[in-house]
Amino acid sequence: MKGGETVKNEKQVNKLFEECYGGYHKQLINYCLARLSGDREKADDCVHDAFTVFYERLKAGEEFENPRAFLYRTAENFVRRQNEKTAKEAKNTVSLDDVEISTETEFFRIVEETDFEKLAKEILSALTETEKEIYTLRYDKKMGVEEMAKQMGVSRPAMSMKLMRLRNKIKEIVYNTDFEKGGKANGNSNKEGTFSSS
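In this text, all values refer to a predicted model and were calculated from it rather than measured experimentally.

Peer 1: Give me the lowdown on the pattern of salt bridges, citing residues and values where you can.
Peer 2: Taken as a whole, this structure holds seven salt bridges when the rule is applied. For the salt bridge of Arg-167 with Asp-49, the shortest nitrogen-to-oxygen distance reads 2.1 Å. Residue Arg-167 is located in helix 8 (residues 156-175), and its partner Asp-49 is located in helix 2 (residues 40-59); the two are separated by 118 residues in the primary sequence. According to the relative accessible area criterion, Asp-49 is buried, its value standing at 2%. Glu-62 is paired through a salt bridge with Arg-57; the nearest N and O atoms lie 3.3 Å apart.

Structure (structure tokens):
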């Protein structure tokens, strides 16, 4: 991206995103792997979230003098949070009240651990057939982005964007759905360790 250039439409956003994804994705994965003791899943999450932030900023029209530097800084922030969480978990000090949803794995770990059928039905009923397929490939079959892209016949950057949109949609459903006490989740945090949407 040229210095001072402002993104004006979705087509331009997607083009710039794909250029940066293609140019920096592998480098960022290697960087995060080195910082996360070779944990590929966590590295994938941190890089995915870094690109998610970048994509949202592009959509908002933000200018980037150095997209590569921004992506590295953002990925480093997610790596640091991931390492902090790992350290807390090792000491058995993490509770739902302490958890900040910062990575894809962490987000869906919380969803899975709450184990409420009502939310699952709410999510699935709100997804399109394509979104359901993406959800199944990613979270049921545990496929990586590259494998999913081949399965669905799209480019890797395009697949990453589809995952971003799906994740954001699911987060909105989670945050905007109220549950009975037995469901372990509602719109407000409390002392019983329920999940908060705030």
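Peer 1: Help me get a handle on unusual backbone geometry, residues and values and all.
Peer 2: Positive phi, close to 55°, is recorded for Ser-37, a residue that is not glycine. Tracing the backbone shows Ser-37 in the loop between helix 1 (10-35) and helix 2. Given the relative accessible area of 76%, Ser-37 is considered exposed. Non-glycine residue Lys-142 carries a positive phi angle of around 60°. Relative to the assigned elements, Lys-142 resides in the loop between helix 6 (129-140) and helix 7 (145-152).

Procedures and definitions
Residues numbered from 1 in each chain as written. Predicted model: local features only at pLDDT ≥ 70, side-chain atom pairs only at ≥ 80, totals over all residues. Heavy atoms only, no water. Salt bridge = Lys/Arg side-chain N within 4 Å of Asp/Glu carboxyl O. Helix = DSSP H or I, 4+ residues; strand = E, 2+ residues; numbered from the N terminus. Buried < 20%, exposed > 50% of the residue type's maximum accessible area, 1.4 Å probe, protein only.

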